[in-house]
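One-letter residues, chain by chain:
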Amino acid sequence: MRQWTAAKRENPGRAAVLPHGNFYELFYDDAVTAAGGCKWTLDGARPGAGAADVRGAYHAVESYLTRLLRKGYRIALCDQMEDPKLTKKDRPA
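The rules behind the values
- Residues numbered from 1 in each chain as written.
- Predicted model: local features only at pLDDT ≥ 70, side-chain atom pairs only at ≥ 80, totals over all residues.
- Heavy atoms only, no water.
- pLDDT = per-residue confidence, 0-100.
- Helix = DSSP H or I, 4+ residues; strand = E, 2+ residues; numbered from the N terminus.
- Buried < 20%, exposed > 50% of the residue type's maximum accessible area, 1.4 Å probe, protein only.
- Pairing = 2+ DSSP bridges.
- Axes fitted to C-alpha atoms, helices over the stretch in contact; angles between N-to-C directions.
- Contact = heavy atoms within 4.5 Å.
- Salt bridge = Lys/Arg side-chain N within 4 Å of Asp/Glu carboxyl O.

**Some points on the confidence of the model for the protein chain**
Consideration 1: Mean pLDDT for the protein chain: 77, with 76% of residues reaching 70 or above.
Consideration 2: Confidence, expressed as mean pLDDT per element, reaches its minimum in the protein chain at strand S3 (residues 53-57) with 78 and its maximum at strand S4 (residues 75-77) with 88.

Now the structure itself:
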């Protein structure tokens, strides 16, 4: 969530889209926006984060983002900050 917070601070007014494994994810109001614009299923809350989120498959992200852009939404497409192979699987909350 630190990366999401930093992306939102650096890109006000844009939906922050973050990679996570084989998906791209959006949180909070960005998730609500994407759920409506891309017809993604909005999850109620992520365990431990307390945030609404949506996920879109990595291979289809271009079509999802195109839909949002055509609807007039602004997007900040983020990149993963660390090598996922080097991260710990179980991090303390």
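**Topic: the environment of Pro19**
Consideration 1: Among the secondary structure elements, Pro19 is positioned in strand S1 (residues 15-20).
Consideration 2: Relative accessible area serves as the criterion here: at 15%, Pro19 is assigned to the buried category.
Consideration 3: Along the chain, Pro19 and Asp79 lie 60 residues apart, while their C-alpha atoms are 6.4 Å from each other.

**Topic: the sheet that holds strand S2 (residues 23-27)**
Consideration 1: Pairing is mixed in the open sheet, where four strands are placed in the order S3-S2-S1-S4. Strands at the two margins of the open sheet, each flanked by one partner only, are S3 and S4. Averaged over all neighbouring strand pairs, the angle between strand axes comes to 30°, with direction disregarded.
Consideration 2: The sheet strands contacting helix H1 (residues 2-10) are S1 and S2, and the helix crosses S1 at an angle near 150°.

**Some thoughts on the pattern of salt bridges**
Consideration 1: On inspection of all chains with the given rule, the structure shows one salt bridge.
Consideration 2: Residue Asp30 pairs with Lys8 through a salt bridge whose shortest N-O separation is 3.0 Å. On the criterion of sequence distance, the pair formed by Asp30 in helix H2 (residues 28-38) and Lys8 in helix H1 is long-range, its members being 22 residues apart.
Consideration 3: Of the residues examined, Asp30 reaches a relative accessible area of 8% and is grouped as buried.
Consideration 4: Overall, Lys8 belongs to the partly exposed group, its relative accessible area being 23%.

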